[in-house]
Structure formats: structure tokens, C-alpha cells
Amino acid sequence: MSRLVVLISGTGRNLQAILEAQRAGHIHGEVSAVISNNPDAAGLAHARSAGVATAVVDHRNYPDRGSFESALAAEIDRYTPDFVALAGFMRILGSEFVKRYRGRLLNIHPSLLPKHPGLQTHARALAEGEAWHGASVHFVTESVDGGPVILQGRVPVHSNETPDALAERVMHEVEQVIYPEVLAWASSGRLQMREDQVILDDRVLLEPIQLQALQLEKKHG
Ligand code: GRF
């Protein structure tokens, strides 16, 4: 049975979707632990009420990034996970950490990567007059928000909406759907990363899968 550790910093809406997918048997494995760098992260309570082990590794208690990341890795490794999922984990991770979990480390980013890496993605998509915005799940490599994208989903941008309203639609219509989906693939052994390329069902993925295409495929068999 595959084992997953989820790292969070905040609200944990992605975490909630992951826990629900696991409860529904969609993710063939267990969420072994939820670890936060922020002791006040609301997501910790969701994990506890789902009976999942939690831990806090507060970056403010460490003199530098290296020592924080060693402590974080030690905590993660207690659970010997097959995959580590960053779900709203708001610390940039150094190359040593990334190397240690290479091919097992996944992230969700609220944009249609390679567009809009970094922060404030919803406001930027609106300011730039994008017709579409969305979210992407990708393997983490040394380049921030730059690892190979596995699955992404899009929503149309309404020109008069606020960044918060757009963020809300991206969260509900895309993020909470694509992360559980990718983790279902990972947990059933269908997903790997080799030479910085995504391998799904033993085939190199030449471009990210689009959620809409996947939903159509599911509907029509
Ligand atoms: C999500 O939009 C995620 O993509 C981004 O931070 C947000 C976290 O939300 N990296 P939550 O903690 O999952 O509610």
C-alpha cells in the first residue's frame, strides 16, 4: 500500500480534497502524515479530525534553511513515504531537499504553468488580460515551479472579477480535482519521473494532460 506525506502551510483545502479521495478509495494508499511549517495552519485540524498523524516543523525555530530542511526531512522520513505532496506549502525548498525526494515530490501551483510561476498568480492573470487561468500539478525539480507538469485544468477568466473570486473558482473547479487525480495515479504505480520527464503508464508524457480532455475521456469511455 502506498504511503503519502502531505506538507501544508495554511488552509488545507487541497489536503481536504486529498483526504476525501483517500477515504473514497480513489487514492490507493494512506495519508501517513500531514506536516506543517506553520503551527497555526488550519489544515492541521482537518488532518487530526481525519485521524491522520500531524507534526509541526516551524521554520522560525531554525537558524537557516539548511537546518530547517534537515529537520523537515527527518520528520518526513519517519513515515517512509512513497510520495511527498506539497499542498499550499509556502516555503521554497533548497536543492539538497529536492534531490533527496526527486521523483517522489509533487506540487500544485495555481496557474497554467509555465505561465505565472511564483506568487499572486490570480491577480497577474487578471492584470495581463488572460482569457484562461487554472492550476497545474507537477513534479518538483530544482527550478521553482519549473518541474515537469503532469495535469492541469483551466477556467475562463471573467474580466470584471476579483483575484479572490478567480482563486476560489480555480480552487474548487480545478485544484481540488487535479491533485487527488494525480495522487491516485501515483498511488497505483502509474506515475514516475525519469530524466525530468513525466512517465504515465510507461509512456513519456510529451505535454501536460488537460483536465477537460480527461473528463471527456471518462465520460465517453
Ligand atoms: C493553493 O492555491 C495552492 O495551489 C497554493 O496555495 C494555495 C493553498 O491552499 N500553492 P490550501 O492550503 O490547499 O487551501
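Visitor: Can you walk me through the overall build of the chain in this structure?
Guide: What the chain contains, in helices and strands, is seven helices and 11 strands. For the chain, the proportion of its 221 residues judged to be buried stands at 50%. Relative to all contacts within the chain whose residues are 6 or more apart in sequence, the contacts with residues 24 or more apart total 63%. Here the chain displays about 10,600 Å² of accessible surface, and carbon together with sulfur accounts for 50% of that area.

Visitor: Before we go on, may I ask you to explain the packing of aromatic side chains in this structure?
Guide: A full pass over the atoms with the stated rule returns two aromatic pairs. Aromatic side chains Tyr62 and Phe68 sit 6.2 Å apart centroid to centroid with 55 degrees between the ring planes, which places their arrangement in the tilted category. Note on Phe68: relative accessible area 4%, which makes it buried. Plain terms: the ring middles of Phe97 and Tyr101 are 4.9 Å apart, the flat faces sit at 50 degrees to each other, and that makes the pair tilted. Residue classification places Tyr101 among the buried residues on the basis of a relative accessible area of 0%. The ring of Trp132 has Arg154 sitting right over it, with the charged end atom 6.0 Å from the ring centre.

Visitor: Any chance you could explain the layout of surface pockets here in plain terms?
Guide: Once rolled over the atoms, a probe with the size of a water molecule shows which space is left empty. What the largest pocket holds in volume is close to 990 Å³. Elements with a contribution of two residues or more to the lining of the largest pocket: α1 (13–23), β5 (105–109), α5 (121–127) and α6 (163–187). Looking at which element gives the most residues to the lining of the largest pocket, the answer is α6, with six residues. Along the lines of polarity and charge, the residues of the lining of the largest pocket split into 16 nonpolar, 14 polar and seven charged. When its volume is computed, the second largest pocket comes out at roughly 260 Å³. Together, 13 residues line the second largest pocket, and Arg190, Leu200, Ile209, Leu214 and Glu217 are the ones closest to its centre.

Visitor: Explanation requested: empty space enclosed by the protein in the structure shown.
Guide: Counted under the stated rule, the structure contains one cavity of 30 Å³ or more. Reported here for the largest cavity is a volume of approximately 50 Å³. Lining the largest cavity, in full, are Ser2, Arg3, Leu4, Ile27, Phe83, Leu183, Ala186 and Ser187. Those elements that place two or more of their residues in the lining of the largest cavity are β1 (2–8) and α6. When grouped by side-chain class, the residues that make up the lining of the largest cavity number five nonpolar, two polar and one charged.

Visitor: Help me out: how do you make sense of helix α3 (residues 65–77) in this one?
Guide: Owing to its 3.6 residues per turn, the α-helix aligns residues three or four sequence positions apart on the same side. The terminal C-alpha atoms of α3 lie 18 Å apart, and with 13 residues this matches the ideal 18 Å at 1.5 Å per residue to within 8%. Turning to α3, its buried residues number three or more, namely Phe68, Glu69, Leu72, Ala73, Glu75 and Ile76. All buried residues of α3 project into a common sector of 160 degrees when viewed along the axis, lining one side.

Visitor: Got a minute to help me understand the site of the ligand in this structure?
Guide: Taken together, the residues surrounding the ligand are Gly10, Thr11, Gly12, Arg13, Asn14, Gly88, Ile108, Pro110, Met171 and Glu175. At a separation of 2.7 Å, an oxygen atom of the ligand approaches a polar backbone atom of Gly12. The contact in question runs from an oxygen atom of the ligand to an N or O atom on the side chain of Glu175, over 2.6 Å. Relative to its free-state accessible area of 370 Å², the ligand is covered by the protein chains to the extent of 86%. Those elements that provide at least two residues to the shell around the ligand are α1 and α6. Split by residue class, the shell around the ligand holds three nonpolar, five polar and two charged.

Visitor: What is the right way to look at the pattern of salt bridges in this model?
Guide: In this structure the tally under the stated criterion is 11 salt bridges. Between Glu142 and Arg102 there is a salt bridge; the shortest N-O distance is 2.7 Å. With Glu142 in the loop between β6 (132–139) and β7 (149–156) and Arg102 in the loop between α4 (95–100) and β5, this residue pair connects regions lying 40 residues apart in the sequence. Looking at Glu142, the relative accessible area reads 36%, which means it is partly exposed. On the basis of relative accessible area, Arg102 is assigned to the partly exposed category, the value being 32%. In this structure, Arg190 engages Asp201 in a salt bridge whose closest nitrogen and oxygen atoms are separated by 2.8 Å. Note that Arg190 is positioned in the loop between α6 and β8 (191–194) and Asp201 in the loop between β9 (197–200) and β10 (203–204), a separation of 11 residues in sequence. Owing to a relative accessible area of 34%, Asp201 belongs among the partly exposed residues under this scheme. Here the salt bridges share partners, and the residues they tie into one network are Arg102, Glu142 and Asp196.

Definitions and limits used
- Residues numbered from 1 in each chain as written.
- Predicted model: local features only at pLDDT ≥ 70, side-chain atom pairs only at ≥ 80, totals over all residues.
- Heavy atoms only, no water.
- Helix = DSSP H or I, 4+ residues; strand = E, 2+ residues; numbered from the N terminus.
- Buried < 20%, exposed > 50% of the residue type's maximum accessible area, 1.4 Å probe, protein only.
- Contact = heavy atoms within 4.5 Å.
- Areas by Shrake-Rupley, 256 points an atom, 1.4 Å probe, with all protein chains shown as cover.
- Phe/Tyr/Trp six-rings, centres within 6.5 Å; stacked < 30°, edge-to-face > 60°.
- Lys NZ or Arg CZ within 6 Å of the ring centre and 35° of its normal.
- 1 Å grid on protein atoms, 1.4 Å probe; cavity = no way out; pocket = protein on both sides within 12 Å on 5 of 7 lines; lining within 4 Å.
- Points joined across faces, edges and corners; volume = space filled by probe spheres on them.
- Nonpolar A, V, L, I, M, F, W, Y, C, P; charged D, E, K, R; others polar.
- Expected span 1.5 Å × (residues − 1).
- Arc of directions from axis to C-beta.
- Near = heavy atom within 4 Å.
- Polar contact = N/O pair within 3.5 Å; in protein donor to acceptor, adjacent residues only side chain to side chain.
- Salt bridge = Lys/Arg side-chain N within 4 Å of Asp/Glu carboxyl O.

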